[in-house]
Amino acid sequence: MRRVLAVALAVVAGAASLTACASDPPPTDVAVAWAPNGRAAVLVTWKDNGQPNRITIEGVLSESPSYVKYVPAGEPNRWEIPTSAFPADGNYKVAVATGTSQGGVTSKLTKSPVFDTDGPVRPTAATVAKQGRGVLIRWSVPVAPQDFTPNDPLDVKGKKTQRYVPMIGRPGQMLKVIGPATTSNRQVIKSVKPPYTFQLRTQNEWSTSIGGQVLGLTSSINAAVPSLAQFSVPIRVRGRVILYQVGCDLDSPCTSQRATPAGVPVVVLTQVTPGSRWTPAARGSTTAGGYYDIAVPTGGSRPYKITVPENTKGGTHTGTSTSKPAYTKSIVRVASAGFANGNTATAKGSTVTVSVAVKPALNTTVMLQAWNRQTRRWVDSKALPMRNGQAALAFKAAQPGDFVYRFVIPGAMMFGRPMDGTTTPQLQLHVR
């Protein structure tokens, strides 16, 4: 390309040297305007006496493209140069001289006014929001850079001088147009589901660029849910979320790419009673690497599953995914157990009160057991009614020594599912 350009410049330089002795008058009134059929070409016009002409493009602080056109004598003094012949984002003039491809240039060059070929201003930000069964995508466009050739002959007037063509890319497919070009800054896409990449092919009369990207992501989630939990004591649900996004180039099929960002919403769902609807039990979000760790309040025995809800944030639209349900069985929780006033030592013959309180507030029968040192086993001592989760027994310390007691709380049914019972820690009593 540089060699061709050098040859072209040498020809121009040679032509300029010929003009010193050339006798042909130069063309006059060289002008440029948009060709009648849209803005696909630049119309060059000039005046002369029916001479053959040579047309070139000259860069103004820009590299001159290697474009040369000869117009035979007697042809109309006009020619359409396709816009593709002008490099984007530069300043140029069209030069017309008298000359032929065999005889060279025989007059001085006459040049058009300077004009620019500034391409479109690429959208730099796009946002997505759910709208019905589809999504609404909006984009913003920065302020156009300074125009160094204001009011040149090819300036297009008006605010909406560029158009946006919406495009969608999916894994294994090329980016494809999904709608007509628009001057709006919003686009509704119906029935779109991740994974996809949305991009705008932004175009004006000179060139095209790509911008305004929105990513439609799919997700996968795994979870570790404890199999046992004490009633009303939160459990920790942990796992990881992996997102899959689509990457696209204009000249190759789109590919799927893995991502593990922070900030992805995560919801823990539970089914309070068998067959009931799944409802939120806790919420959280991922940290770096896609990991999450969420405290979940517990009640009765029940299943849990963790989901990434469908959500839109900024320029991303994340599809939903859900882990397999995992069942957590609840265990009756001992809220307190021991002797009245915390006394673990008492005198022979005194009255001792031992009590227990549990959650949930059960109405049941509990068993007070004593440790038999001879048989080395727990022996049932007294069955006690428990009301509203509380039970107590007062008895006389009949003989001195060291004694060990415990309460055995049976299992129960709650919200249609079984809950495991439990035993209290060992309760030591010294009688002197």
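Placed above this text is the structure.
Predicted model, so just to flag it, every value in this text is computed and none were measured. (Residues numbered from 1 in each chain as written. Predicted model: local features only at pLDDT ≥ 70, side-chain atom pairs only at ≥ 80, totals over all residues. Heavy atoms only, no water.)

Examining the sheet that holds strand β14 (residues 186–189)
Across a sheet, paired strands are connected by hydrogen bonds in the backbone, their directions being either parallel or antiparallel.
Here comes step 1: With antiparallel pairing, the three strands of this open sheet are ordered in space as β10-β11-β14. For this open sheet the edge positions go to β10 (125–131) and β14, each flanked by a neighbour on one side alone. Taken pair by pair, the neighbouring strands of this sheet meet at an average axis angle of 20°, ignoring direction.
Here comes step 2: Sheet topology note: the strand β11 (residues 134–140)/β14 ladder contains four bridges and is antiparallel. When the bridges of β14 are listed, Ile-137 appears paired with Gln-187. (Pairing = 2+ DSSP bridges. Helix = DSSP H or I, 4+ residues; strand = E, 2+ residues; numbered from the N terminus. Axes fitted to C-alpha atoms, helices over the stretch in contact; angles between N-to-C directions.)

Structural notes on the sheet that holds strand β28 (residues 333–339)
Here comes step 1: One open sheet accounts for three strands, arranged β28-β30-β33; its pairing is antiparallel. Among the strands making up the open sheet, the edge pair consists of β28 and β33 (390–396). Strand-to-strand twist in this sheet, taken as the mean axis angle between neighbours without regard to direction, amounts to 10°.
Here comes step 2: Here β28 runs beside strand β30 (residues 351–359); their pairing, made up of six bridges, is antiparallel. If you follow Arg-333 over to β30, its bridge partner there is Lys-359.

Some points on the packing of aromatic side chains
One pair of aromatic rings is described through two measures. These are the centre distance and the angle between the planes.
Here comes step 1: Enumeration according to the criterion identifies 10 aromatic pairs in this entry.
Here comes step 2: We note Lys-305 situated over the ring of Trp-278; from NZ or CZ to the ring centre the distance is 4.4 Å. (Phe/Tyr/Trp six-rings, centres within 6.5 Å; stacked < 30°, edge-to-face > 60°. Lys NZ or Arg CZ within 6 Å of the ring centre and 35° of its normal.)

Examining the pattern of salt bridges
Here comes step 1: A complete count under the given rule lists six salt bridges for this structure.
Here comes step 2: Residue Lys-47 is joined to Asp-29 by a salt bridge in which the shortest nitrogen-to-oxygen separation is 3.4 Å. Residue Lys-47 is found in strand β2 (residues 41–47), and its partner Asp-29 is found in strand β1 (residues 28–34); the two are separated by 18 residues along the sequence. Judged on exposure class, the residue Lys-47 and its partner Asp-29 are both exposed.
Here comes step 3: In this structure, Arg-238 and Asp-293 form a salt bridge, with 3.0 Å as the shortest nitrogen-oxygen distance. You can see Arg-238 sitting in strand β18 (residues 235–249) and its partner Asp-293 sitting in strand β22 (residues 291–296), a full 55 residues away along the chain.
Here comes step 4: What makes Arg-238 partly exposed here is its relative accessible area of 42%. (Salt bridge = Lys/Arg side-chain N within 4 Å of Asp/Glu carboxyl O. Buried < 20%, exposed > 50% of the residue type's maximum accessible area, 1.4 Å probe, protein only.)

Keep in mind that these numbers describe shape and distance, not what the molecule does.
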